[in-house]
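What follows is each chain in one-letter form.
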Amino acid sequence: MIDWSHTALTIVVILGGALTLAGLLIWVERRLLGIWQERYGPNRVGPGGLLQALADMIKMFTKEDWIPPFADKAVFVLTPAIVVITALMSFAVVPIAPGFVVADLNMGILFFLAMSSLAAYSVIIGGWASNSKFAFLGSLRAIAQLLSYEVFMGLSLMGAVLLAGSFNLSDIVEAQRHLWFVVPQFLGFLGFFMAGLAEAHRTPFDMPEAEAELVAGYHAEYSGMKFGMFFVGEYLSVIVLSAMIVILFFGGWHGPWLPPVVWFFLKTSGFIVLIFLIRATWPRVRFDQLLSFGWKVVMPLALINLLVTGGIVLARMGEGR
Amino acid sequence: MTPRSSAMKDTSTGERAGVVAELEGRFGSEGFLTAAQYTKDEIPTIWIEKNRLRETLRYLQSEIPHPFPMLFDLSATDERLRRHHEGLPIGVFTVFYHLFSFDRNQSIRIKVPLKGEVLSLPSIVDLWPNADWYEREIYDMFGIGFDGHPFLRRLLMPPWWEGHPLRKDHPARGTEIGRFQFPPEKLVMTQEALQFKPEEWGLSRTHHDPDFDYMFINLGPAHTGTHGVLRLVTQLAGEEIINIVPDIGFHHRAQEKIAERQTWHTFIPYTDRVDYLQGVLNEMPYCLSVERLAGIDVPTRAQTIRVMMSEFYRLASHLVWYGTFAQDIGALSPVFYMFNDRERIHAITEAICGGRMHPNWFRIGGVAQDLPIGWDKLIHQFVDWFPSRLDQYERLVMDNPIFKERTVGIGAFSLEDAIAWGATGPMLRACGLPWDLRKVRPYSGYDQFDFEVPVASNGDCYDRAVVHVLEMRQSLRIIRQCLDSMPAGSYKSLDPLATPPLKERTMHDIETLIHHFVGVSWGPVLPPGEAEVPTESSKGQTSYYLTSDGAQVSYRTRIRTPSFAHIQMVPFMARGELLSDLLAVLGSVDYVLSDVDR
């Protein structure tokens, strides 16, 4: 029996929380980049520039909603919605604390993978519908990138699934009560982190929007709130990515003294900042380099990892019998 | 200082340069050599007839012992208003070819007079690939044709321009050509002229596979990766670059034309704007050439101040290159660190010169003012603080594995290619030739300094970066030596052709006052002659080839810039690489569009 009022409340809290956080992160990232780059960053609107995201939002909402005459209108308009919807849908399966989850699906991981794959469509059809060369090249790169990271993204998670014996995210967190999976599944963690960065189009895998050569790539033709959706969508996927890393490899809400929600929040924030720090430090790889690295290095490693983990799990089951 | 009575030097004195004798030995003196000219820079300058041009150049390029493999510069002069030709066989136009030999450390200038009705010369694009743009530039500026040139069309001016700007009868100012109008028809016409038609450049739209078309993508003139108004029409198969057609001239400000109306002094501020990143490094070759022309000796203190400021501007320019290169590869932060450092350098240049990017600091015969009180303290702080920053950047950028992955082996070319394309500066040294004019032909007292010429061997993007980075340390080393042993003395020459007399003296006698008045209001008159002193600027060899016709303005100022030669190489370097690599190539080349277009 589902408690509807509880679920509705959870949805509102998570949806509101995620969107606010995404808006806030825009400011956090810009401030952090500012500090790391010997400059201030946005510090004028509100205390310490805190309301910068709000000001940006007002600007974006009031801008002319321009659709290029050469674009495929229907698809062009639909695309930004896909970005945000898929990213928000992923939050449905994220267990923040025991019982604090919208849908405690028993195949939660698969749902997350499905949503992240759907998000890739937004980039591909967004670039295609824009009908401009730069956007087109951006989406071609996104496809090439997709072909490299999608494969090992799923594979690198399977080790954790095997160890927990479940696809349910809450079960996976519960299974890490004594030992975080980052220790036995270090290779899996690295593979997933890398795939996640590629999926969220974050440095060093931001080739589809490479500002140096493709001047924003797949969303070059978007402006106003449509661009804003891409922008917010990117931050949402950064949050989801960090949350998933925490859930799968860093023990989710587990931690001493502090309440579970706080632990979850702290760990997730840590990864978000790490992703920002990577952006501030590293250059961008070339898409063919990601392809060959993904297929020739990470993919075999993920497979070996899965094989060894599977063997160990089987051996343990044998002992238990 | 007395001007030479004749531009011709007596041929019987045996002072003739060896190369001229060698040429005569090969071709026979009968009907080959029209004249040998004496120039103030002592570069052997010979005049030959048009039908002898190609065989002479080919002989100099490859057959002569210790050949001249580099076409350093190629341009022309409109001779129609020339008063002091001193018996030289000038025609309507003169086209000059400046070749350079590394073996001999020597230049030679071949001049061809154009006299008849038909203004044309045989093209030498098949001998030197970099003659392509130089010949187009001459066609554009003078209307001289080149037979056998594959794509002879305007280079700097728009295709619809009427007239040839560097001809003496072309107006120099907007006020001379009537009211500017831009009716809608003209808008349509200029827009159409900007349309790229691949067929016009011998490029095919379709692949041999009928289902496959090439993509032509316009990078620029407004593009984040081109560092200015450069347009690169890129032919792509997927992301692979098949060919590139650069379109330059968006930043053209007619510097060479302006030089023909500014006095010798008042052109100095314009030189700052030729390469707007390197400030006094532009003024150096101009002032040296003027001083050579006028026979002015620069006091040691002034020379040392010049060297010190030059190295500061080299650092500033290299810092901009460093940051933007890292950004082209996708690294966000370095550019902020490096611009902050550059800000510190400009705080120093501002304290000394008063200006930052456009210091207007050198004067003919010296510098504008003496160093301010406390200058050494400022510089001490900087040289003590900067090396650790360079170490950090090396860890952040040069040692980064992704950076190496993106740059090693990308856009590589051999030393032979570099020479054939006229590459100089870090582009040349990255191929393994330690050729730095500060070392091999010291000027302004560079021979008094202890420094090394960094080289690398592979000629790829990474090696160009290595050379740049090491050069910054050498610049710092030179600045330190200036700081430790700045000579005492005057900061400017008291030669009457140099800076005007000191103001204090003008208050004592009328002669000096008159001299000051005339020098400031009209400008000094330089003796007729020619001089060119190439120098090592931040991006390569820059030179100002000045022709004086005995007036207070230059008769012809030819500005040879490294960026022009280097940008011409970009299609050659990027062919077969991926689109992302084009950005690495552009970033590593270190060019400034103002330096390309002038």
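Definitions and cut-offs
- Residues numbered from 1 in each chain as written.
- Chains lettered and ligands numbered in written order.
- Predicted model: local features only at pLDDT ≥ 70, side-chain atom pairs only at ≥ 80, totals over all residues.
- Helix = DSSP H or I, 4+ residues; strand = E, 2+ residues; numbered from the N terminus.
- Buried ≥ 20, exposed ≤ 12 C-beta atoms within 10 Å, placed from the backbone.
- Contact = placed C-beta atoms within 7 Å.
- Rg over C-alpha atoms; globule rule 2.2 N^0.38 Å.
- pLDDT = per-residue confidence, 0-100.
- Pairing = 2+ DSSP bridges.
- Axes fitted to C-alpha atoms, helices over the stretch in contact; angles between N-to-C directions.
- Domains from an automatic or database assignment.
- Nonpolar A, V, L, I, M, F, W, Y, C, P; charged D, E, K, R; others polar.
- Parallel < 35°, antiparallel > 145°, perpendicular 65-115°, else oblique.
- Left-handed = near helix turned anticlockwise from the far one by under 90°.
- Core = buried A, V, L, I, M, F, W, Y, C linked by C-beta atoms within 7 Å.
- Expected span 1.5 Å × (residues − 1).

Q: Explain the overall build of chain B residue by residue, including any values.
A: Along its length, chain B carries 20 helices and 16 strands. Expressed along its principal axes, the backbone C-alpha trace of chain B runs to roughly 85 × 65 × 60 Å. When each of the 598 residues of chain B is scored for burial, the buried share is 47%. Within chain B, residue pairs in contact and separated by at least 24 positions form 68% of the contacts whose partners lie at least 6 positions apart.

Q: So what about the overall build of chain A? Which residues, and what values?
A: Looking only at helices and strands, chain A has ten helices and zero strands in total. Secondary structure elements in chain A, listed N-terminal to C-terminal, are α-α-α-α-α-α-α-α-α-α. Here the C-alpha radius of gyration of chain A, 20 Å, is about what a compact globule of 321 residues would show, namely 20 Å. Expressed as lengths along the three principal axes of its C-alpha atoms, the size of chain A is roughly 70 × 45 × 45 Å. Of the contacts made within chain A by residues no fewer than 6 positions apart, 77% connect residues no fewer than 24 positions apart.

Q: Please set out the confidence of the model for chain A residue by residue, giving values where relevant.
A: Overall, the prediction assigns chain A a mean pLDDT of 84, with 97% of residues at 70 or greater. Taking the mean pLDDT of every element in chain A, the minimum, 83, falls on helix 6 (residues 169-174) of chain A and the maximum, 88, on helix 9 (residues 260-281) of chain A.

Q: Provide a residue-level description of the interface of chain B and chain A, including the pertinent values.
A: Of the residues lining the interface, 27 residues belong to chain B; the matching set on chain A comes to 23 residues. Every element with two or more residues in the side of chain B that touches chain A is listed here: strand 8 (215-219), helix 8 (300-329), helix 9 (334-353), helix 11 (401-407) and helix 19 (579-589) of chain B.

Q: Explain the sheet that holds strand 3 (residues 70-78) of chain B to me, and be specific about the residues and the numbers.
A: All names here are of chain B. What the five strands build is an open sheet, ordered 1-2-5-4-3; its pairing is mixed. The open sheet is flanked by strand 1 (33-37) and strand 3, the only strands paired with a single partner. Neighbouring strand axes in the sheet, compared pairwise and without regard to direction, differ in orientation by 20° on average. The sheet contact formed by strand 4 (residues 93-101) and strand 5 (residues 106-114) spans nine bridges and is antiparallel.

Q: So what about the domain arrangement of chain B? Which residues, and what values?
A: Residues and elements named next belong to chain B. In terms of domain boundaries, chain B breaks down into domain 1 (11-128) and domain 2 (255-597). Distance from the C-alpha centre of domain 1 to the C-alpha centre of domain 2: 29 Å. Taken residue by residue, the interface counts 17 residues in domain 1 and 21 residues in domain 2. For the side of domain 1 that touches domain 2, the class distribution of residues is seven nonpolar, five polar and five charged.

Q: Talk me through the packing of helix 3 (residues 73-90) of chain A against helix 8 (residues 224-249) of chain A; I want residue IDs and the actual numbers.
A: Residues and elements named next belong to chain A. Interhelical geometry of helix 3 versus helix 8 gives an angle of 20° and a closest axis separation of 8 Å. As judged from the angle between their axes, helix 3 and helix 8 are roughly parallel. The way helix 3 lies across helix 8 gives a crossing that is left-handed. Each of Pro-80, Ala-81, Val-83, Val-84, Ala-87, Leu-88 and Ser-90 in helix 3 lies in contact with helix 8, whose residues at this interface are Lys-226, Met-229, Phe-230, Val-232, Gly-233, Leu-236, Ser-237 and Val-240. Of the residues contributing to the contact of helix 3 with helix 8, the split by class is eleven nonpolar, three polar and one charged.

Q: Talk me through the nonpolar core; I want residue IDs and the actual numbers.
A: By size, the foremost hydrophobic cluster in this structure holds 147 residues, and its most contacted members are B:Val95, B:Leu99, B:Ile144, B:Met309 and B:Val585. By residue number, the principal contributor to this core is helix 8 of chain B, which donates 16 residues. Here this core spans two domains, since at least three of its residues come from each of domain 1 (11-128) and domain 2 (255-597) of chain B. Discounting residues that sit within four places of it in the chain, B:Ile144 has contacts with B:Ala76, B:Phe93, B:Val95, B:Leu114, B:Leu119, B:Ser120, B:Leu121, B:Ile138 and B:Tyr139. One finds A:Phe112, A:Phe193, A:Leu197 and A:Met207 within the second-largest nonpolar core, a separate group that totals 82 residues.

Q: Which residues make up the sheet that holds strand 8 of chain B, and what are the values?
A: Residues and elements named next belong to chain B. Strand order in this open sheet of three strands is 8-9-10, and the pairing throughout is antiparallel. Looking at strand neighbours, the two that pair on one side only are strand 8 and strand 10 (240-247), the edges of this open sheet. Strand after strand, the sheet turns through a mean of 25° between neighbouring axes, direction not considered. Alignment of strand 9 (residues 231-237) against strand 10, held across seven bridges, turns out to be antiparallel. Residue pairing in the sheet places Thr-234 in a bridge with Ile-244 of strand 10.

Q: So what's going on with the packing of helix 1 (residues 4-36) of chain A against helix 9 of chain A? Residues and values would help.
A: Residues and elements named next belong to chain A. Where helix 1 meets helix 9, the closest approach of the two axes is 10 Å, and the angle between their N-to-C directions is 50°. Judged by the inter-axis angle, helix 1 sits oblique to helix 9. As helix 1 runs across helix 9, the sense of the crossing is right-handed. Across the interface between the two elements, Leu-25, Glu-29, Leu-32, Leu-33 and Trp-36 of helix 1 pack against Ile-272, Val-273, Phe-276 and Ala-280 of helix 9. The class makeup of the residues in the contact of helix 1 with helix 9 is eight nonpolar, no polar and one charged.

Q: Explain the environment of B:Thr34 to me, using residue names and the numbers behind them.
A: Residues and elements named next belong to chain B. Mapped onto the secondary structure, Thr-34 falls in strand 1. Through-space distance from the C-alpha of Thr-34 to that of Ser-580 is 52 Å; in sequence the pair is 546 residues apart. The contact partners of Thr-34, leaving out residues within four places of it in the chain, are Trp-47, Ile-48, Glu-49 and Pro-89.

Q: Go over unusual backbone geometry, please, and point to the residues and values.
A: Residue and element names in this part refer to chain B. In this model, His-66 sits at a positive phi of 50°, which is unusual for a non-glycine residue. When you line up the elements, His-66 lands in the loop between helix 2 (53-63) and strand 3. Even without being a glycine, Ala-254 presents a positive backbone phi close to 60°. Within the fold, Ala-254 resides in the loop between strand 10 and helix 5 (255-258).

Q: Before we move on, could you go through the pairing of strand 2 (residues 45-48) of chain B and cite the residues and values that matter?
A: Residue and element names in this part refer to chain B. Bridge analysis of strand 1 against strand 2 gives four bridges, and the strand direction is antiparallel. Its bridge partner lying in strand 2, Ala-35 is registered against Trp-47. In this structure, strand 2 lies alongside strand 5, joined through three bridges in parallel fashion. When the sheet's bridge partners are listed, Ile-46 is paired in strand 5 with Ile-110.

Q: If you had to explain helix 4 (residues 108-130) of chain A to someone new, which residues and values would you point to?
A: Taking 1.5 Å of rise per residue, 23 residues should cover 33 Å, and helix 4 of chain A covers 34 Å from first to last C-alpha, within 8% of that figure. Of the residues one or two after helix 4 of chain A, A:Asn131 is the one with positive phi, at around 60°.

Q: Can you tell me about the environment of B:Asp103, naming the residues and giving the values?
A: Examined against the element boundaries, B:Asp103 turns out to sit in the loop between strand 4 and strand 5. Separated by 36 residues in sequence, B:Asp103 and B:Pro67 place their C-alpha atoms 7.3 Å apart.

Q: Which residues make up the environment of A:Ile272, and what values do they have?
A: Residues and elements named next belong to chain A. Mapped onto the fold, Ile-272 is located in helix 9. Distance from Ile-272 to Tyr-235, taken between C-alpha atoms, is 9.3 Å for residues 37 residues apart in sequence. Not counting chain neighbours up to four residues away, the residues in contact with Ile-272 comprise Leu-25, Val-238, Ile-239 and Ser-242.

Q: Any chance you could break down the confidence of the model for chain B for me, citing the residues and the numbers?
A: Residue and element names in this part refer to chain B. Confidence in the prediction for chain B averages 86 pLDDT; 97% of positions are at 70 or higher. Across residues 1-15 the pLDDT falls below 50, and counting only partners more than four positions away or on other chains, this stretch makes 22 contacts in the model. Complex prediction metrics read pTM 0.87 and ipTM 0.83.

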